[in-house]
Amino acid sequence: MRIAVNAIFLQKDKLEGYGHYAKEILSRMVVNHPEHEFIFVFDRPFDPSFLFAGNITPIIVKPAARHALAYLYWYNIAAPLALKKYKPDCWWQPYGFCSLTTGIPQLMVIHDLAYLHHPGFIAWHHRIFYQLFTAKFIKKANSLVTVSEFSKADMVKQFKIAVNKIEVISGAARADFQPIGWQEKEAVKAMHTQGSEYFLFTGGIHPRKNLLNLLKAFSKFKKWQQSNMKLLVAGRLAWKYDSLVEKLKSYKYREDVVMLGYLSDKELQEITASAYALVYPSFFEGFGLPVMEAMQSGVPVICSDTSSMPEIAADAALYASPIEPDTIAKQMLNLYKNESLRDEMIRKGLERAKDFNWDKAAQNMWDQLMTTTKK
């Protein structure tokens, strides 16, 4: 069997939620099924590390698909034309778009419908693209996968999709996110905070991630509890980050905020495992990978009480309203002042992380691909 894979977001040192999800599943599927051929369709030169096994044939189809018009051309003309040579039995689309012109059976993954709930958080041209084409993609795709029961229910409600057309295949924490020893933690803190404890946020600097309210919450925490606690922010400057950058210039506790930028996997694992707690006040998530990675690292989590996060974290996190900095700050203070609560959250988080597994996700995705070829 020959399986085409949309690999355009497999880019070295630029992987985030969608990219990590695709990478973790693909790296297992191609190894587990050496008797099948995988056609990885890139839109630019790729890093060889993404060729996980010898049964992958990589092809580059230009132009790079990074804006609305390029999406239309790449998905509907360039990529289908390039794939005619290979005659794939199905085409995996892990990024929420699919081809409207191909006759190849397609399995499409939609992580969430954030563009409907928070339209101001994406560029206008992307928003229009989603509004015009998401319903068409859903209708065209032979099979659909999403990453949480929350997203599934949202899709069923918004697009009147038959429940049995959508499967939930959640992600998990990457394997190297694990607790580390005291000496390793001290070395990380010495490097980044002069030895102080720190709250951590990980993710792209983007309005949906709610960093401005996190700064307000951190201010309140510092006001209520005079301490040398720091706030570390690990993630690239993604979109509409100017207001955050400006806020930091005059921020009262600027010296206690460390902007780390995009980190390598190893650096992020160490930074995460050494944190006092992860604070993840995102307005909207289909899954929320940093939450699970912190839990598996033995780090307590404070996250939003919205979208998929209560489903994913269950009773293993403390919750706060993303629109009320006071509630975020109070949970930060609760952890800081109650060591037994912090220990309980660590224990529960480690247990909750065991409920999510990339091997299981890869097998379930393979089963869906096999089903898709028969449609």
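This is a predicted model, so every value here is computed, not measured. (Residues numbered from 1 in each chain as written. Predicted model: local features only at pLDDT ≥ 70, side-chain atom pairs only at ≥ 80, totals over all residues. Heavy atoms only, no water.)

Asker: Quick rundown of the overall build of the protein chain? Include the residues and the values.
Answerer: Helices and strands together make up the secondary structure of the protein chain, namely 14 helices and 13 strands. Against the compact-globule benchmark of 21 Å for 375 residues, the protein chain has a radius of gyration of 21 Å, which places it among compact chains. With the principal axes as the frame, the protein chain shows a C-alpha extent of 65 × 40 × 40 Å. For the protein chain, the proportion of its 375 residues judged to be buried stands at 55%. Restricting the contact set of the protein chain to residue pairs at least 6 apart, pairs at least 24 apart contribute 67%. Roughly 16,100 Å² of accessible area belongs to the protein chain as shown, and the carbon and sulfur atoms make up 53% of that amount. (Helix = DSSP H or I, 4+ residues; strand = E, 2+ residues; numbered from the N terminus. Rg over C-alpha atoms; globule rule 2.2 N^0.38 Å. Buried < 20%, exposed > 50% of the residue type's maximum accessible area, 1.4 Å probe, protein only. Contact = heavy atoms within 4.5 Å. Areas by Shrake-Rupley, 256 points an atom, 1.4 Å probe, with all protein chains shown as cover.)

Asker: Tell me about the sheet that holds strand β1 (residues 2-6), residues and numbers included.
Answerer: A sheet is described by the order of its strands in space; here seven strands give the open sequence β3-β2-β1-β4-β5-β6-β7, paired in parallel fashion. Across the chains shown, the open sheet's two edge strands, defined by having one partner strand only, are β3 (56-60) and β7 (166-168). Averaged over neighbouring strand pairs, the angle between their axes works out to 20° when direction is ignored. Two elements, strand β6 (residues 143-146) and β7, share three bridges in a ladder whose sense is parallel. Note that in β7 the partner of Val 145 across the bridge is Glu 167. Of the strands in this sheet, β6 and β7 touch helix α5 (residues 149-159), which is tilted by about 165° from β7. (Pairing = 2+ DSSP bridges. Axes fitted to C-alpha atoms, helices over the stretch in contact; angles between N-to-C directions.)

Asker: Lay out helix α9 (residues 265-273) in plain terms, naming residues and giving numbers.
Answerer: In an α-helix there are 3.6 residues to a turn, and that puts residues three or four apart on one side. Those residues of α9 that fall on the buried side of the exposure criterion are Leu 268, Gln 269, Ile 271, Thr 272 and Ala 273. Along its buried surface, α9 packs onto α6 (182-193), β8 (198-202), β9 (230-234), β10 (257-261) and α10 (289-296).

Asker: How would you explain the nonpolar core if you had to name every residue and give the values?
Answerer: Leu 10, Phe 40, Trp 92, Phe 199, Phe 218 and Met 365 are the most contacted members of the largest nonpolar core, which totals 126 residues. Setting aside anything within four residues of it in sequence, one finds Phe 218 in contact with Phe 199, Met 229, Lys 230, Leu 231, Tyr 251, Tyr 253, Asp 256, Val 257 and Met 332. (Core = buried A, V, L, I, M, F, W, Y, C linked by side-chain atoms within 4.5 Å.)

Asker: Please provide a residue-by-residue account of the pattern of salt bridges, values included.
Answerer: Counted by the stated rule, this structure contains 19 salt bridges. With a shortest N-O distance of 2.8 Å, Arg 28 and Asp 359 are connected by a salt bridge. Here Arg 28, found in helix α1 (residues 17-32), pairs with Asp 359, found in helix α14 (residues 358-373); they are 331 residues apart in sequence, far enough to count as distant. Note that Lys 209 and Glu 285 form a salt bridge whose closest N and O atoms lie 2.6 Å from each other. With Lys 209 in the loop between β8 and α7 (211-224) and Glu 285 in the loop between β11 (277-280) and α10, this pair connects stretches of sequence that are 76 residues apart. Pair check on accessibility: Lys 209 and Glu 285 agree, each one buried. Via salt bridges that share partners, Glu 24, Arg 28 and Asp 359 belong to a single interconnected network. (Salt bridge = Lys/Arg side-chain N within 4 Å of Asp/Glu carboxyl O.)

Asker: Would you mind going over the side chain of Lys 152 in detail, with residue names and values included?
Answerer: Position of Lys 152 relative to the elements: it lies in helix α5. Buried charged residue Lys 152 carries no salt bridge. Nearest counter-charge: Glu 149, at 4.9 Å. Dropping the residues within four chain positions of it, Lys 152 is found in contact with Thr 146, Val 163, Ile 166 and Val 168. (Lys, Arg positive; Asp, Glu negative; His and termini not counted.)

Asker: Outline helix α13 (residues 339-353), supporting the account with residue identities and numerical values.
Answerer: Here α13 contains 15 residues, and its C-alpha end-to-end distance of 21 Å stays within 8% of the 21 Å for a straight helix at 1.5 Å per residue. What α13 keeps buried is the set Leu 341, Arg 342, Met 345, Ile 346, Lys 348, Gly 349, Arg 352 and Ala 353. Buried-residue contacts for α13 involve α10, α11 (309-313), β13 (318-320) and α12 (325-337). (Expected span 1.5 Å × (residues − 1).)

Asker: Please provide a residue-by-residue account of the pairing of β6, values included.
Answerer: Of the two faces of β6, both are covered, the one formed by Ser 143 and Val 145 as well as the one formed by Leu 144 and Thr 146. As defined by bridge partners, strand β5 (residues 106-109) adjoins β6 across three bridges and the pair is classed as parallel. Pairing of Leu 107 across the sheet is with Ser 143, part of β6. Between the parallel elements β6 and β7, the chain passes through α5 in a crossover that is right-handed. (Right-handed = clockwise from strand over helix to strand, strands pointing away.)

Asker: Go over the pairing of β8, please, and point to the residues and values.
Answerer: Counting buried positions over the five residues of β8 gives five, a clear majority of the element. The side-chain alternation of β8 yields two buried faces, one formed by Tyr 198, Leu 200 and Thr 202 and the other by Phe 199 and Phe 201. In this sheet, β9 lies alongside β8 in parallel orientation, the contact comprising five bridges. Bridge pairing links Thr 202 to Ala 234 in β9. Handedness of the β-α-β unit built from β8, α7 and β9 comes out right-handed. Summarising the sheet, β8 and β11 pair through two bridges and their orientation is parallel. In the strand pairing of β11, Leu 200 is matched with Leu 278.

Asker: Report on the packing of α7 against α12, specifying residues and quantitative values.
Answerer: Angle between the axes and distance between the axes are the two parameters that describe a pair of packed helices. Between α7 and α12, the shortest axis-to-axis distance is 8 Å and the interhelical angle comes to 50°. By the angle class used here, α7 and α12 are oblique. For the pair α7 and α12, the sense of crossing is right-handed. Only Pro 325, Asp 326, Ile 328, Ala 329, Lys 330, Met 332, Leu 333 and Tyr 336 of α12 make contact with α7, whose side of the interface consists of Asn 213, Lys 216, Ala 217, Phe 218, Lys 220, Phe 221 and Trp 224. Of the residues belonging to the contact of α7 with α12, the class tally is ten nonpolar, one polar and four charged. (Parallel < 35°, antiparallel > 145°, perpendicular 65-115°, else oblique. Left-handed = near helix turned anticlockwise from the far one by under 90°. Nonpolar A, V, L, I, M, F, W, Y, C, P; charged D, E, K, R; others polar.)

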